[in-house]
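For reference, the chains in residue letters:
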Amino acid sequence: MIKIVITGIGTISAAGANLTETLDNFQDGKRNAGPVSLFPSTLPYPVFEVKNIPEKWRKDGMRTLSLALCAVEEALNDAELRHHLSGLRVGVCLGTTVASQLNDLDFYDTYRSMGEAPMDPVDRFLRGNLAGAVACIIKAQGPCLTVVNACSSGADAIGVALSWLKNGICDLVLAGGADELNHVPFCGFGSLGIMSESLCAPFDRDRMGLNLGEGAGILILETETFARQRGQKSQLYLAGYGSAADAYHLTAPRPDGAGLEAALQKALTEANITPQDICFVNAHGTATQDNDKVEGNVLARVFGPDIKIISTKGYTGHTLGAAGGLETAFTAVALLKGWIPASPGFENPDDEIPVMPLMEETSICGNYVVSTSLAFGGNNSALVIGNKA
Amino acid sequence: MNISGIGIIFTHGRGINKYDEALRQGWRKPSLIELPSVPNKQFPLYPVEEKTITDKGISGKTRRADKFSKMAVLAAMDALQDSDLKIDKKKFSLGIIVASAFGPHVTTFRFLDDILDYGEANVSPTLFSHSVHNAAASYIASVLDSQGPTITCTQFSLSFQQALILSKAWLHEGRCEYVLVGSVDECGTVMEYICSQKLKMAHDGKIKPFTFSARPWAVPGEGSVFFLVSRDKALKKYCQIEEITLGCQAIKEEDIDITILDADGIAGDESQYRNSLPTNAYIAGYAPIFGSMMTGSSFQCAAGALMIKNQIRYACPVQDNPYNVNICKVTKQAKMKKIQCIRYNCLNEKAVIMLQQ
């Protein structure tokens, strides 16, 4: 069986400009949220913004790409690949939501009022297909795909990468997700009534909704054979991916959670393990009423009520298309380091949710972990990561 | 990977038979529209009419859906129906892959209207939820009650080709037994305005695939095509998709009956297509039937599949041929075993879809 190893990880979010800083903040329980500063808004919802993007990756009007490039650089360095992509069959598969949409408010406002508008935002949009732009910058010569599956985009992009590698379509893939905090979805989520005016509290009885965030999470995935050929060793590997649709509603999760359960079962089957082999789950945990209730019940059903769970959205906010990438990265690192941080915001158990997130930093022992993602449109995805040690 | 069913929504109607009819009939004038932003000037467009996407059978489930989602749902539904496959007991074994260059941008702009007109606290949640790219895939899954994996992807000119590659991988791995893979794109007035600024619009209404121009003519179109594909040879109703190659990967060009050029004026310089002309095979290009679209390869692919199924060679709808290449001039019965469909993107990267009997 072809084993797909994780040889590099890069992350950027409000929780940290890189993985080391993020882990420090996890340990300190820091939650870097505040009012929106990236665009003018009167909406009362706190957000998790990335405060500093290095000058060299700042791209005017292409913040999602900038965030992605920060994480790509860290991941490539981690995999010792920075200057060695030439001649390799390198795929790029990235999830996003904002970067796929031509939703420039200034452009559209000008067009409406003047009957014409400068084409610069359109040109930026056409140059800014996330996977295409990253592939172009790092000169990757392999398959290239931008996944736009709403909030599971990053996780599904990693799942696509797994398929590419298992099918021999390429030898190595940069996979994950990136999204910027943008005015349009900020208004959109506000209109849905699922954003909290205080800091989010995933799985808590008194949860009031999500906080939006931004960031990027990138994994370098390669076949074990290829990694070995270039002298790389990695304990971590991507053991399984499962995806299933709710076929239920555009924004609400299916109440019985059948889609998520099917996704989990598929991922476990591909990994050739049982639910008892899983030592913790990094849950989607948005802190909305519906998501946490459905997800919590499914996790209890599949893994039992004592399964250790966290939601790192309390540190990053909901980063939409980046969430699956970031959370898979955090999950992998937790497995490697043997500890998971406290799940921020959680204080009071909810009688309707049979699982409880961890309230303090906890050691873990085991070889397999799961990261789940649920999305608008009823997408459910699960990724299983293994540790060979 | 075998094509078992095809569903299509395009400017001349709905269904694979309607498409066959349009291919036999040849070129028809596009609609002419006046943009609010450019008064006294008309622009050509191949629109999908509202009546084409009205289907009382599913109106309950799609009552809030926009044009983008409706086009995709109907094309996907028709592809499944065309295949005669019943998925009641296979709801987890059908995958859905939707490719789109621009997503539901008309709804996105309507949502921006809300923000600009009513303020950020008074926008429509329905418009927002329909403005995400994967709304169409969600509707397809819901209408078909399919709970298999679902992916929506966007890669501008090569979205459909990438979707096909993923379909093949999913089937090969056993992630699903069947995949509904297709494309959907729409053209609203803002996009038409952008096209008028970025492209050379064909004011005579003709896309000319064989002029190999650095500034080719375009007539924007919209629509959706879906294919039901599987590894099951017994379900091969049309043909098989033998290979999808990208970039500099080598392709075998032996025994090809027709090379379809997906040159439609939307991706810029088309001079590269001259380098892809086969020495013996016929050349064709059917974009003048459905219009210029980043995801037009799916429509070309449907034409190829029909030609293999029906053992017919469709005449090129527009035959301007300054380089005197070997184009199909008349529609006639012919042996059709192998057809390739070629697309270049704006970076001059080549993609080939190879169809085989």
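Please refer to the structure higher up on the page.
About the criteria used
The numbering scheme is per chain: residues are counted from 1 as the chain's sequence reads. Both sets of labels track the order of writing: A upward for chains, 1 upward for ligands. Local features in a predicted model are, by the rule used here, given only for residues with pLDDT of at least 70; side-chain atom pairs are given and counted only at 80 or more, and totals for whole chains, interfaces and linings are based on all residues. To qualify as a helix, a DSSP run of H or I must reach at least 4 residues; to qualify as a strand, a run of E must reach at least 2; elements of each kind are numbered from the N terminus. Exposure in this text rests on C-beta crowding, where 20 or more other C-beta atoms within 10 Å of a residue's own make it buried, 12 or fewer make it exposed, and counts in between make it partly exposed. The C-beta atoms are placed from the backbone. By the convention adopted here, residues make contact when the C-beta atoms placed from their backbones lie within 7 Å. The axes are straight lines fitted to the C-alpha atoms, using for helices just the contacting stretch, and the angles between their N-to-C directions are given from 0 to 180°. Any angle that falls under 35 degrees is termed roughly parallel, while one over 145 is termed roughly antiparallel, one within 65 to 115 roughly perpendicular, and all others oblique. Working rule for handedness: look at the near helix, and if it is turned counterclockwise from the far one by less than a right angle, call the crossing left-handed; if clockwise, right-handed. Residue classes follow a fixed rule: Ala, Val, Leu, Ile, Met, Phe, Trp, Tyr, Cys and Pro count as nonpolar, while Asp, Glu, Lys and Arg count as charged, and any other residue, Gly among them, counts as polar. One requirement defines pairing of two strands: DSSP has to find at least two bridges between them.

### Examining the overall build of chain A
Counting secondary structure elements, chain A contains twelve helices and 14 strands. Seen through its principal axes, chain A has C-alpha atoms that stretch 60 × 55 × 40 Å. Counting all 389 residues of chain A, 64% fall into the buried class. When contacts within chain A are restricted to residue pairs at least 6 apart in sequence, long-range pairs at least 24 apart make up 80% of them.

### A closer look at the environment of Phe226 of chain A
Residue and element names in this part refer to chain A. Relative to the helices and strands, Phe226 is located in helix 8 (residues 224–229). Separated by 221 residues in sequence, Phe226 and Val5 have C-alpha atoms that sit 9.6 Å apart. Beyond its immediate stretch of four places on either side in the chain, Phe226 contacts Asp171 and Leu172.

### So, the packing of helix 2 (residues 67–83) of chain B against helix 5 (residues 135–144) of chain B
All names here are of chain B. With their axes 8 Å apart at the nearest point, helix 2 and helix 5 run at an angle of 45° to one another. The angle between helix 2 and helix 5 places the two elements in the oblique class. The handedness of the crossing between helix 2 and helix 5 is right-handed. Across from Phe68, Ser69, Ala72, Val73, Ala76, Met77 and Leu80 in helix 2, the residues of helix 5 making contact are Ala135, Ala136, Tyr139, Ile140, Val143 and Leu144. Here the contact of helix 2 with helix 5 is built from residues that sort into twelve nonpolar, one polar and no charged.

### Quick notes on the pairing of strand 4 (residues 144–147) of chain A
The two faces of strand 4 of chain A match: Cys144 and Thr146 of chain A on one face and Leu145 and Val147 of chain A on the other face are all buried. The pairing of strand 3 (residues 90–95) of chain A with strand 4 of chain A spans four bridges and is parallel. Looking across to strand 4 of chain A, one finds that Leu94 of chain A is bridged to Thr146 of chain A. Bridge analysis of strand 4 of chain A against strand 6 (residues 150–154) of chain B gives two bridges, and the strand direction is antiparallel. Within strand 6 of chain B, the residue paired with Val147 of chain A across the bridge is Cys153 of chain B.

### Quick notes on the interface of chain A and chain B
The interface of chain A with chain B comprises 54 residues on the first partner and 53 residues on the second. Of all the elements in the fold, those that place two or more residues in the side of chain A that touches chain B are helix 3 (105–114), strand 4, helix 6 (153–166), helix 7 (183–192), strand 8 (236–245) and helix 9 (258–271) of chain A. The greatest single-element share of the side of chain A that touches chain B, amounting to six residues, is contributed by helix 7 of chain A.

### What about the pairing of strand 1 (residues 2–10) of chain B?
Residues and elements named next belong to chain B. For strand 1, the buried fraction is high: nine of the nine residues fall into the buried class. As defined by bridge partners, strand 1 adjoins strand 10 (residues 223–230) across seven bridges and the pair is classed as antiparallel. Bridging across to strand 10, Gly7 finds its partner in Phe226. The pairing of strand 1 with strand 2 (residues 13–14) spans two bridges and is classified as antiparallel. Bridge pairing links Phe10 to Gly13 in strand 2. A loop of two residues connects strand 1 with strand 2, the two strands running antiparallel in sequence.

### Observations regarding unusual backbone geometry
Residues and elements named next belong to chain A. Positioned with a positive phi, Ala150 is a non-glycine residue whose angle comes to about 55°. Turning to its location among the elements, Ala150 is positioned in the loop between strand 4 and helix 6. For Ala150, a count of 30 C-beta atoms within 10 Å gives the class buried. Not every positive phi belongs to a glycine, and Asn272 is a case in point at roughly 60°. In this fold, Asn272 is placed in the loop between helix 9 and strand 9 (278–282). According to the C-beta neighbour criterion, Asn272 is exposed, with 12 such atoms within 10 Å.

The values reported here are purely geometric and, on their own, carry no functional implication.
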